[in-house]
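Here are the chains, one letter per residue:
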Amino acid sequence: MRFGITILPEYPWAQAAPLWRRAEELGFDHAWTYDHLVWGGLPDSPWFGTTPTLTAAATVTSRIRLGTFVTSPNYRHPVTFMRDLLALDDISGGRFVCGIGAGGDVDARLLGGPDLTPRQRYERFEEFTELLDRLLREDHVSSEGHYFSARDARTLPGPVRTRIPFVMAANGPRALRLAARIGQGWVTYGKPGDSYDAWWASLRDLSRRLDDALEQERGSVETFERHLNLDPQGFYSLESVGRFEDAVGRAAEIGFTDLITHWPRPTDPYRGSLDVLEQVAAEVMPRWP
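Residues numbered from 1 in each chain as written. Predicted model: local features only at pLDDT ≥ 70, side-chain atom pairs only at ≥ 80, totals over all residues. Heavy atoms only, no water.

A. Just the packing of helix α2 (residues 50–59) against helix α3 (residues 78–91), in detail. It is at 9 Å that the axes of α2 and α3 come closest, and there the two elements cross at 10 degrees. In terms of orientation, α2 lies roughly parallel with respect to α3. Of the residues in α3, those touching α2 at Thr51, Leu54, Thr55, Ala58 and Thr59 are Phe81, Asp84, Leu88 and Ile91. Taken together, the residues that form the contact of α2 with α3 break down as five nonpolar, three polar and one charged. (Axes fitted to C-alpha atoms, helices over the stretch in contact; angles between N-to-C directions. Helix = DSSP H or I, 4+ residues; strand = E, 2+ residues; numbered from the N terminus. Parallel < 35°, antiparallel > 145°, perpendicular 65-115°, else oblique. Contact = heavy atoms within 4.5 Å. Nonpolar A, V, L, I, M, F, W, Y, C, P; charged D, E, K, R; others polar.)

B. Examining the pairing of strand β2 (residues 30–33) more closely. What you see with β2 is no split at all: His30 and Trp32 on one side and Ala31 and Thr33 on the other are buried throughout. Where strand β1 (residues 2–6) lies against β2, three bridges are found, and the strand directions are parallel. Bridge pairing links isoleucine 5 to alanine 31 in β2. The β-α-β motif built from β1, the intervening helix α1 (residues 13–25) and the parallel element β2 has right-handed crossover chirality. As defined by bridge partners, β2 adjoins strand β3 (residues 65–71) across four bridges and the pair is classed as parallel. Counted as the bridge partner of histidine 30 is arginine 65 from β3. Regarding the hand of the β-α-β motif, the stretch spanning β2, α2 and β3 is right-handed. (Buried < 20%, exposed > 50% of the residue type's maximum accessible area, 1.4 Å probe, protein only. Pairing = 2+ DSSP bridges. Right-handed = clockwise from strand over helix to strand, strands pointing away.)

C. The nonpolar core, seen in detail. Counting 88 residues, the largest nonpolar core has Leu132, Trp200 and Leu228 as the members making the most contacts within it. With sequence-adjacent residues up to four places away left out, leucine 228 is seen in contact with Thr188, Trp199, Trp200, Leu203, Ala251, Phe256, Asp258, Leu259 and Ile260. (Core = buried A, V, L, I, M, F, W, Y, C linked by side-chain atoms within 4.5 Å.)

D. Broad picture of the side chain of threonine 68. With respect to the helices, strands and loops of the structure, threonine 68 is situated in strand β3. Assessed through its relative accessible area of 0%, threonine 68 is described here as buried.

E. Quick look at the pairing of strand β8 (residues 185–188). Here β8 shows a buried face lined by Gly185 and Val187 and a second buried face lined by Trp186 and Thr188. Summarising the sheet, strand β7 (residues 166–169) and β8 pair through three bridges and their orientation is parallel. Along β8, the bridge assignment pairs alanine 169 with valine 187. Tracing the backbone out of β7, into helix α6 (residues 173–182) and back to the parallel element β8 gives a crossover that is right-handed. Here β8 runs beside strand β9 (residues 225–229); their pairing, made up of four bridges, is parallel. When the bridges of β9 are listed, glycine 185 appears paired with glutamate 225.

F. Seen up close, the sheet that holds strand β4 (residues 96–100). Pairing is parallel in the closed barrel, where eight strands are placed in the order β1-β2-β3-β4-β7-β8-β9-β10. In this sheet, neighbouring strand axes are inclined to one another by 25 degrees on average, regardless of whether the strands run parallel or antiparallel. Of the strands in this sheet, β8 and β9 are in contact with helix α7 (residues 196–217), which crosses β9 at around 155 degrees.

G. Representation of α2. The buried fraction of α2 is high, at seven of ten residues. Three or more residues of α2 are buried, namely Thr50, Thr51, Thr53, Leu54, Ala56, Ala57 and Ala58. If you follow the buried residues of α2, they end up packed against α1, β2, β3, α3 and β4.

This is the structure:
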């Protein structure tokens, strides 16, 4: 089991830098930040850019993997985003992970344009991901799409290793198949339920659906990372050490390989105590090598 922590990009860097350093010191395997223009959970909060934040985080850490949680096509183009990713991967020494999803409702409206149906948003997500995949593997890329195009896009210097890994957010059947075909991992928030137990039941169902997609696309379910956001709406895994331990045990039974919580905040969402975070890192995480 690997453990990740999400640090929201709401802090000036003088306050944020110690959090990223501390995440590495506490032994987390990966650290993430949200990729939004405005996040619906904190619409009135200060908010800083994702790629500059991760670039700065790379300069104050040396081991921990760094990622977007998650990038979407709401306000990004694969060609311009490819340049940011190559720089991030280079500066971090190959520690960057690209989380990708279809995107949230708030960002989807900010730049204007027509409202998209769920089907159209998936189709845009698929087109975005497929073109970004090509741009990170090839040079002189040309593509004419409905949402995104590229004309002889140069991609030098290219990634510092094999293509930057994609961890893909997916719940629906088409998105799960896309994740199985292109991704190196999957991340899910689960599906809303009437209770905490219902949320876990949705995760068991989604995991089985992912197995089916992997068998269909790859012929095997092995060596595919499965990331879980441990903090569904209305629940916070770091509310107590006991709650975190319970969540880890449930996730392990389902087959998740990577668990992601959020840095505790003084107010909702993710209201919590730094003492609980440090106790979890010292006592719970080492028991799940």
